[in-house]
Amino acid sequence: MQPPRLKNDCFALPPGVHWTPVDQAHARLRANLHCVTATETIRVTAAEGRFLATDVRAVRASPPAANSAVDGYGFAGPAGDGVQILPLASGRAAAGVPFDGRVGAGQALRILTGASLPPGADTVVLQEDVTAEDGRIAFHGPLKRGANTRAAGEDVVDGAVVLPARTRLRAQELAILAATGVQDVSVHRPLRVGVLSTGNELCEVGKTATASQIYDANRPMLLSLVERWGFGAVDLGHVGDDRDALRARLDAGAGKADVILTSGGASAGDEDHVSALLGETGSVELWRIAIKPGRPLALGIWQGVPVFGLPGNPVAAFVCTLIFAEPAFRVLAGGDWRVPQGFQVPAAFAKTKKPGRREYLRARINPDGAAEAFRSEGSGRISGLAWADGLVELDDGARKIAPGDMVRYIPFTSFGFD
Ligand code: AMP
Ligand code: MG
């Protein structure tokens, strides 16, 4: 089933807004984006990283039958106080090899972890607590009825919703789906994210740059992020500052990707062709976001496909991708909007921050558990991205931070990569 395309005006901002606060930008994305990927039914074992299209119910209970939680001896509980002596029935119950018979009243049966409890046994005494001799076992009571056993359905009952729609299937989810007898799941097809770099100055890795060129750092960075997020990375290459070439590349990209990430040319200058072209579609919104590093983010719809026009500066492109594109991708892919988990930690730096925009500092945790900030806030310092393990997020207001003051640290793992 193919969901409807996004509306052309879904990135529209209220008129008269100049600097959009990050929270407002998030709220608009959340309100206006929806899943754009079709659904398909596939084997659970092939579904890692996919988003569920429907709630999934258990096909059988987990565990399906009452069984032993330990290696020991099963009998009809409870056992009273003091020394208990029980004759052993012949045979045993093991995982996958049930005892075929009934444990007689007053008898015990050798039982191993995971074995179904045979009729006549509802309690297990741990083998380490038992002496077994001459066809009898002895142990000290008391022992409650049901001790050391797992009841049928104690984890999940048959027919219960195990996972709701929009859950992303990680290792853990695959385990519970398999355990509850679910064979196939209805999931969304992987979101295809096209990545395109723009700029006359760019030279791609593998070629020799002239003195006036710089290497295209954004494309490998963004393609890697997209892949780490488990989406389908589509390399749309690089185009110069040429409107016709860019138009042709966006046309091609819209046929191959569900969402396009461009970098460069997103402001309102002469060579800012991404924003200019998106403007021609009538769908563009040049979002001047009150964020550092970042600011211009050109959002638009090209032939039905959402385009995130990132700033060219690699540090700004990186931060804007984490803060805006990643949560948006999750929604487009069939998941829920996600707020990255941050932690309050002491600052290992001092800083005076002006009001008016939210700031993200390249940061990492030092051995004392405090957040260090990269020595330079210069947004051209790509080396700071490699140095960092996360971002410190400073709220929109003014702030004077002294070492030891608490700040919000968001590790890159909270953004779904490391
Ligand atoms: P722009 O947003 O196109 O004005 O670019 C802003 C800055 O980022 C300029 O200094 C560009 O040279 C630089 N830049 C743009 N795209 C890339 C890229 N793909 N890799 C590295 N730097 C870039
Ligand atoms: Mg440029």
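Residues numbered from 1 in each chain as written. Chains lettered and ligands numbered in written order. Predicted model: local features only at pLDDT ≥ 70, side-chain atom pairs only at ≥ 80, totals over all residues. Heavy atoms only, no water.

## What to know about the overall build of the chain
Counting its regular elements, the chain contains 7 helices and 28 strands. Compactness check: the chain gives a C-alpha radius of gyration of 30 Å against a globular reference of 22 Å for 418 residues, more than 25% above the reference. The 418 residues of the chain split such that 49% are buried. Long-range pairs, those at least 24 residues apart, make up 70% of the contacts in the chain between residues at least 6 apart in sequence. Carbon together with sulfur atoms contributes 51% to the accessible area of the chain, which is approximately 19,300 Å² in total. Computed over 44 positive and 45 negative side-chain charges, the separation of the two mean positions in the chain equals 3 Å. (Helix = DSSP H or I, 4+ residues; strand = E, 2+ residues; numbered from the N terminus. Rg over C-alpha atoms; globule rule 2.2 N^0.38 Å. Buried < 20%, exposed > 50% of the residue type's maximum accessible area, 1.4 Å probe, protein only. Contact = heavy atoms within 4.5 Å. Areas by Shrake-Rupley, 256 points an atom, 1.4 Å probe, with all protein chains shown as cover. Lys, Arg positive; Asp, Glu negative; His and termini not counted. Charge placed at Lys NZ, Arg CZ, Asp CG, Glu CD.)

## As for the sheet that holds strand 5 (residues 79–93)
The strand order 7-4-6-5-9-8 describes an open sheet built from 6 strands, whose pairing is mixed. Each edge of the sheet is formed by a strand with only one pairing partner; in this case those strands are strand 7 (123–126) and strand 8 (131–133). Sheet twist, expressed as the mean angle between neighbouring strand axes with direction ignored, is 40 degrees. The pairing of strand 4 (residues 72–75) with strand 6 (residues 108–111) spans 3 bridges and is antiparallel. (Pairing = 2+ DSSP bridges. Axes fitted to C-alpha atoms, helices over the stretch in contact; angles between N-to-C directions.)

## Structural notes on the packing of aromatic side chains
Scanning the entire structure with this criterion turns up 8 aromatic pairs. Between Phe75 and Phe139, the aromatic rings sit 5.6 Å apart at their centres with planes inclined by 40 degrees, giving tilted as the arrangement. Pair noted here: Phe75 is in strand 4 and Phe139 is in strand 9 (residues 136–143), with a separation of 64 residues, a long-range link. Considered together, Phe75 and Phe139 belong to a single accessibility category, that of buried residues. Centroid distance Phe318 to Phe412: 5.5 Å. Interplanar angle 80 degrees. Geometry classified as edge-to-face. Within this pair, whereas Phe318 is found in helix 6 (residues 314–333), its partner Phe412 is found in the segment after strand 28 (406–411), the two being separated by 94 residues in sequence. Here the two residues Phe318 and Phe412 agree in accessibility, since each one is buried. Its guanidinium or amino end placed over the ring of Tyr73, Arg110 lies 5.2 Å from that ring's centre, counting from NZ or CZ. (Phe/Tyr/Trp six-rings, centres within 6.5 Å; stacked < 30°, edge-to-face > 60°. Lys NZ or Arg CZ within 6 Å of the ring centre and 35° of its normal.)

## Brief notes about the domain arrangement of the chain
Per the domain assignment, the segments of the chain are domain 1 (22–37 + 190–332), domain 2 (41–62 + 154–188), domain 3 (67–150) and domain 4 (343–415). For domain 1 versus domain 3, the separation of C-alpha centres amounts to 65 Å. (Domains from an automatic or database assignment.)

## A closer look at the packing of helix 3 (residues 218–228) against helix 6
Look at helix 3 against helix 6: their axes get within 10 Å of each other, and the N-to-C directions meet at 20 degrees. In terms of orientation, helix 3 and helix 6 fall into the roughly parallel class. Note that helix 3 runs across helix 6; the crossing there is right-handed. Between helix 3, through Asn218, Met221, Leu222 and Leu225, and helix 6, the contact on the second element is made entirely by Pro314, Ala317, Phe318, Thr321 and Leu322. Here the contact of helix 3 with helix 6 is built from residues that sort into 7 nonpolar, 2 polar and no charged. (Parallel < 35°, antiparallel > 145°, perpendicular 65-115°, else oblique. Left-handed = near helix turned anticlockwise from the far one by under 90°. Nonpolar A, V, L, I, M, F, W, Y, C, P; charged D, E, K, R; others polar.)

## Observations concerning the side chain of Asp241
Note that Asp241 resides in the loop between strand 16 (232–239) and helix 4 (243–256). Notably, Asp241 is buried but unbridged: the nearest opposite-charge side chain belongs to Arg243, and the N-O separation is 9.4 Å. Ignoring anything within four residues of it in the chain, the contact list for Asp241 reads Thr198, Gly199, Asn200, Glu201, Glu271 and His273. (Salt bridge = Lys/Arg side-chain N within 4 Å of Asp/Glu carboxyl O.)

## A look at the layout of surface pockets
Taken as a whole, the largest pocket holds about 460 Å³ of empty space. Of the residues forming the lining of the largest pocket, the biggest block, 3 residues, is contributed by helix 6. Looking at the lining of the largest pocket residue by residue, the classes come out as 8 nonpolar, 5 polar and 12 charged. A domain split of the lining of the largest pocket shows at least three residues from each of domain 1 (22–37 + 190–332) and domain 2 (41–62 + 154–188). (1 Å grid on protein atoms, 1.4 Å probe; cavity = no way out; pocket = protein on both sides within 12 Å on 5 of 7 lines; lining within 4 Å. Points joined across faces, edges and corners; volume = space filled by probe spheres on them.)

## Quick look at the site of ligand 1
In the vicinity of ligand 1, 13 residues are found, and the nearest of them are Glu201, Asp216, Ala217, Gly265 and Gly312. Glu201 is positioned such that a nitrogen or oxygen atom in its side chain is 2.6 Å from an oxygen atom of ligand 1. Here ligand 1 has 480 Å² of accessible area as a free molecule, and 70% of this is covered by the chains. Among the residues forming the shell around ligand 1, the class breakdown is 5 nonpolar, 6 polar and 2 charged. (Near = heavy atom within 4 Å. Polar contact = N/O pair within 3.5 Å; in protein donor to acceptor, adjacent residues only side chain to side chain.)

## Concerning helix 5 (residues 273–280)
All of the buried residues in helix 5 are His273, Val274, Ser275, Leu277 and Leu278. The positive-phi residue at the C-terminal boundary of helix 5 is Gly282, with phi of around 80 degrees.

## Observations concerning the pattern of salt bridges
Using the criterion set out here, one finds 23 salt bridges in the structure. The shortest N-O distance in the salt bridge between Glu280 and Arg247 comes to 3.2 Å. Here Arg247 lies in helix 4 and Glu280 lies in helix 5, a separation of 33 residues in the sequence.

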